[in-house]
Amino acid sequence: MALRRRTKGSPLTRRERGVLEAVVRTYVETAEPAGSRTLAKRYNFGVSAATIRNTMADLEDEGYLTHPHTSAGRVPTDLAYRFFVDRVVRPGSLTEAEKSLIERELSGGDSALERVLRSATRALGILVNELGVGSVPRLDDACLEKIDLIRVSSSKVLMIVTVRSGMVRTVYVDLPGDVPSDVLNGLQRVLNERLAGLTFVEIRRSFGERLRDAVEDPAARDILNIFVESSDEFFGPGPPPRDRVVLGQTSSIAAQPEFASNERLRDLIALTEQKELLARVLGKRVAGGGPYVTIGGEHAPELAGFTLVTSGYRLGGLRGVVGVIGPTRMPYEKVIAIVDYTSSLVTRMLEP
């Protein structure tokens, strides 16, 4: 009697789900195509290798598996990894050693944002052998706490902008000649009275209007105009896109079997140089929190051969993400758990 084949497009049966999970786990662990005999020995399916082989053929017809031309074994496709992440993966737990390593990496030094992010991406790379990645928040939603004007010379002041997240921005401002201290103090008071409590984007939109008729003294008005004309610089969204991305070391991920060929290694190196692209991709993930997993063809072409796992962190009212980029063959349960734990630790480290 002929074997009954599944109807294309129908939900996976219990056996198909089990075989698919087995192929994913075997390939992630060995980096070698999984054959039916290997699966029959490793997993207790209670059926013959021939039955497993027929099930794998059905899964290949559905687009979950594929096989290299030189091998009879199968490897997962992006669709298989997506099914695995959405339907199989369960929240994992970290060992005490893994937690200690992350905490040790993040605890050294001060709580400056960039240092914490660099420590986090380094720890992630060490633990999961992928490329650690982090994003610096845009400041559009930063809420101004106060402005300090400190005289540096007779014609230059240092403007210190402090936001409620604890972040500080400093800008040197050139003034037209020597400005009396009482005029400078008056300007500082006016700026704080009119702007404190507003977000950066609100300040940029209404800076001139809010400071109109704020001072009567002509000299003070001339100086105030300098601040109005430079408001985009003082209260801009932060560094340019390429400077909002923090990357870990590539040495760990470069040792993965996927990058043994010069072509794949060049793809990896090229990706690390496209920080504007990475900034856009990470920026779209900020609102979603996490963990957030995107795989292979779900990305732009430049990221089509990779998986990106991120989770959000908070700095006051600001948000960013940390995570890893790696090949689609990835120990998803372990990576997701470590990325999620790291993001929560980054938030704790950045709390004022």
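The structure under discussion appears in the preceding block.
On a predicted model such as this, the values are computed, not experimentally measured, just so you know. (Residues numbered from 1 in each chain as written. Predicted model: local features only at pLDDT ≥ 70, side-chain atom pairs only at ≥ 80, totals over all residues. Heavy atoms only, no water.)

**Student:** Just to check I follow, could you spell out the environment of Leu 195 for this structure?
**Tutor:** Locating Leu 195 in the fold gives a position in helix α7 (residues 181-195). By relative accessible area, Leu 195 is classed as buried at 0%. Note: C-alpha distance between Leu 195 and Thr 30 (165 residues apart in sequence) is 59 Å. Residues within four places of Leu 195 in sequence aside, it is in contact with Leu 144, Ile 147, Ile 203, Phe 207, Arg 210 and Phe 235. (Helix = DSSP H or I, 4+ residues; strand = E, 2+ residues; numbered from the N terminus. Buried < 20%, exposed > 50% of the residue type's maximum accessible area, 1.4 Å probe, protein only. Contact = heavy atoms within 4.5 Å.)

**Student:** Sorry if this is basic, but what is going on with the sheet that holds strand β7 (residues 245-247) here?
**Tutor:** Read from one edge of the open sheet, five strands run β7-β3-β10-β9-β8, paired in antiparallel fashion. Pairing within the sheet leaves two strands with one partner each, and these edge strands are β7 and β8 (292-295). Each strand axis lies, on average, 20° off the axis of its neighbour in the sheet, ignoring direction. Here strand β9 (residues 306-315) pairs with strand β10 (residues 318-327) via 10 bridges, running antiparallel. Residue pairing for β10: Thr 307 is matched across the bridge by Gly 326. Where helix α14 (residues 332-350) meets the sheet, its contacts fall on β8, β9 and β10, and the angle it forms with β9 comes to roughly 25°. (Pairing = 2+ DSSP bridges. Axes fitted to C-alpha atoms, helices over the stretch in contact; angles between N-to-C directions.)

**Student:** Is there a simple way to explain the sheet that holds strand β5 (residues 156-163) in this structure?
**Tutor:** By way of backbone hydrogen bonds, the strands of a sheet pair with one another, either parallel or antiparallel. With antiparallel pairing, three strands are arranged side by side in an open sheet as β4-β5-β6. The open sheet is flanked by β4 (144-153) and β6 (168-174), the only strands paired with a single partner. Going from strand to strand, the sheet's axes swing by 20° on average, the running direction of each strand aside. In terms of strand pairing, β5 meets β6 through seven bridges, oriented antiparallel.

**Student:** Even after reading the chapter, I still don't get the packing of α7 against helix α9 (residues 218-229), so can you show me in this structure?
**Tutor:** A packed helix pair is summarised by two numbers, namely the angle formed by the two axes and the spacing between the axes. Interhelical geometry of α7 versus α9 gives an angle of 50° and a closest axis separation of 10 Å. Looking at the two axes, α7 sits oblique to α9. In the crossing of α7 with α9, the sense of the turn from one axis to the other is right-handed. Each of Val 183, Leu 187 and Leu 191 in α7 lies in contact with α9, whose residues at this interface are Ala 220, Ile 223, Leu 224 and Phe 227. The residue makeup of the contact of α7 with α9, split by class, is seven nonpolar, no polar and no charged. (Parallel < 35°, antiparallel > 145°, perpendicular 65-115°, else oblique. Left-handed = near helix turned anticlockwise from the far one by under 90°. Nonpolar A, V, L, I, M, F, W, Y, C, P; charged D, E, K, R; others polar.)

**Student:** Sorry if this is basic, but what is going on with the nonpolar core here?
**Tutor:** If you look at soluble globular proteins, the nonpolar side chains tend to sit buried side by side. Of all hydrophobic cores here, the largest spans 89 residues; its most connected members are Met 159, Leu 191, Leu 195, Phe 227, Phe 235 and Tyr 332. In terms of residue count, the dominant contributor to this core is α14 (10 residues). For Phe 227, the contacting residues outside a window of four places in its chain are Leu 149, Met 159, Val 173, Leu 191, Phe 207 and Phe 234. Within the second largest apolar cluster, 19 residues are counted, among which are Phe 259, Leu 277, Ala 279 and Val 281. (Core = buried A, V, L, I, M, F, W, Y, C linked by side-chain atoms within 4.5 Å.)

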